Amino acid sequence: MNNFTYYVPTRIHFGKKQLGHLVELRQSGTKALLVYGGGSIKRSGLYDQAIQILVDSGISIVELSGVEPNPRIESVRAGAALCKENGIEMVLAIGGGSVIDCAKIIAAGACYGGDPWDLVLDGGKIQKALPVYAVLTLAATGSEMDQFAVISDLSKNEKWGTGSDMVKPVMSILDPTYTFTVSKKQTVAGTADMMSHTFENYFTNVSGATLQGYLCEAVLKTCIQYGPIALEDPEHYEARANLMWASSLAINGLLSGGAEVGWCVHPMEHELSAFYDITHGEGLAILTPVWMRYVLEKDPSKTAKFAVYGRNVWGLSGDDAYVAKTAIDKTAEFFFQTMHMPNNLRAVGITEKTNFEVMADKAAVGSEGSFIPLTKDDVLSIFEAAF
Ligand code: NZQ
Ligand code: ZN
């Protein structure tokens, strides 16, 4: 196990009827920017409830609505400008990962003299940020409890992750009932996303991080158990609650600390989203089994790790080669049959390959230091196989 620093300053209020904790924003002042998406929080009634609590707490609100899935830099710029114009003291995100990510870079952009895109390209430039608060409405990214934000500039076909401890939420409200209205498509995409975060941590070359491995397996088993239940019965509290907490734990450093390697499926997916604006979790589900098979074929020494995955997560038995291969088949079966996810790139609207070369170039750089670092040709082969 490697040395690591684990720092999670986010106060979590988990469970039903936690919204009253919005009064805690008063610890940061009386002027908040409220950031939300395309209207799901208005349809669910959450918007009205939140506004009432904020007003009753003496907090005045400026709003930025319409944050897009795969949030755009234009929204970040607009939000940062609103903060500067209105003397905003904190940023409150109510929504999914896109809204929270956007709010994070708004909070940093509000304290930065230049263009917020600089902060996307280089998280090290985030030296100061307004306090970020979040009410999570979709279990997926873990943005509610991590330092990351992923922002797109679709005019340049660029989507990059950035991050800083400065933008870790001060407080996040995690009420699983807020996810009852999440569509089937986003429920399965969210489950695939948290599983992918876990895989990125689990398939590590660091030895001796046994506890982290077992924790990963627990998160994966939780997703495999409860994803299908949430799909069939959207208001199943236990399922939504377990998925929500799994989303936070998958990426808040608990699984990666001491076992950290570079990520490689995410850099490939971010290229798909950057060029084709697809749903993040769907791209990950399509790429993951393809990547697993590619790794196993390219580097047979990885068979043992896949066999551990097969035994501990899927309960398989047999020799390593059989268990490793079957575990990957089970993963594909889970995404594409049990969860009914699209199983190739054409199924999510990517009908031509013209951009694959340039996408592969960028994704290969992103995979440096991962379980097996991928060359441009490796990534191209994976895109081809996923097509
Ligand atoms: O915009 P609204 O109207 O709110 O609708 C959203 C959106 O259309 C809807 N939704 C959210 N909560 C809902 C709901 N609909 C009904 N009921 C609710 N309770 O769901 C749609 C998708 O929302 P979005 O926020 O885009 O989804 P998600 O949470 O999966 O976030 C995806 C973004 O996060 C990035 C992804 O790349 C992508 O841009 N990521 C962020 C990470 C991080 N911060 O650590 C890591 C991840 O790997 C990921 O890259
Ligand atoms: Zn992700």
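Structure first, text after, so check above.
Residues numbered from 1 in each chain as written. Chains lettered and ligands numbered in written order. Predicted model: local features only at pLDDT ≥ 70, side-chain atom pairs only at ≥ 80, totals over all residues. Heavy atoms only, no water.

## Considerations on the overall build of the chain
Point 1. The secondary structure content of the chain amounts to 14 helices and eight strands.
Point 2. Computed over the C-alpha atoms, the radius of gyration of the chain is 20 Å, within 12% of the 21 Å expected from 2.2 N^0.38 for a compact globule of 387 residues.
Point 3. Contacts in the chain between residues far apart in sequence, at least 24 positions, make up 78% of those at least 6 positions apart.
Point 4. Of the accessible surface of the chain, which amounts to about 14900 Å², a share of 52% is contributed by carbon and sulfur atoms.
Point 5. Treating the 31 positive side-chain charges of the chain as one cloud and the 43 negative ones as another, the clouds have centres 2 Å apart. (Helix = DSSP H or I, 4+ residues; strand = E, 2+ residues; numbered from the N terminus. Rg over C-alpha atoms; globule rule 2.2 N^0.38 Å. Contact = heavy atoms within 4.5 Å. Areas by Shrake-Rupley, 256 points an atom, 1.4 Å probe, with all protein chains shown as cover. Lys, Arg positive; Asp, Glu negative; His and termini not counted. Charge placed at Lys NZ, Arg CZ, Asp CG, Glu CD.)

## Some details on the site of ligand 1
Point 1. Every one of the 30 residues lining ligand 1 counts as a neighbour, but G38, G97, S98, D146 and H197 are closest to it.
Point 2. Between ligand 1 and T137, the relevant distance is 2.8 Å, taken from a nitrogen atom to a side-chain nitrogen or oxygen of the residue.
Point 3. Residue D146 places a side-chain N or O atom 2.5 Å away from an oxygen atom belonging to ligand 1.
Point 4. Of all elements in the fold, only α4 (97-109), β6 (148-153), α6 (184-202) and α9 (265-276) reach the threshold of two or more residues within the shell around ligand 1.
Point 5. In the shell around ligand 1, the residues fall into nine nonpolar, 17 polar and four charged. (Near = heavy atom within 4 Å. Polar contact = N/O pair within 3.5 Å; in protein donor to acceptor, adjacent residues only side chain to side chain. Nonpolar A, V, L, I, M, F, W, Y, C, P; charged D, E, K, R; others polar.)

## Points about the coordination of the zinc ion (ligand 2)
Point 1. Within the protein, D193 (OD), H197 (NE2), H266 (NE2) and H280 (NE2) serve as the donor atoms for the zinc ion (ligand 2), at 1.9 to 2.2 Å.
Point 2. As a motif over one chain, the donors of the zinc ion (ligand 2) read D-x3-H-x68-H-x13-H. You can see H197 sitting in helix α6 and its partner H266 sitting in helix α9, a full 69 residues away along the chain. Accessibility assignment for this pair places H197 and H266 in one class, buried. (Donors = N, O, S within 2.8 Å, 3.2 Å for Na, K, Ca; no water. Buried < 20%, exposed > 50% of the residue type's maximum accessible area, 1.4 Å probe, protein only.)

## A few points about helix α3 (residues 73-86)
Point 1. Over its 14 residues, α3 runs 20 Å from end to end, which matches the ideal 20 Å to within 8%, given 1.5 Å per residue.
Point 2. When α3 is considered as a whole, its buried residues turn out to be I73, S75, V76, G79, A80, L82 and C83.
Point 3. At its buried positions, α3 is contacted by β2 (31-36), β3 (60-64), β4 (90-95), α4, α5 (117-121) and β6.
Point 4. Backbone geometry just after α3 places G87 at a positive phi near 60°. (Expected span 1.5 Å × (residues − 1).)

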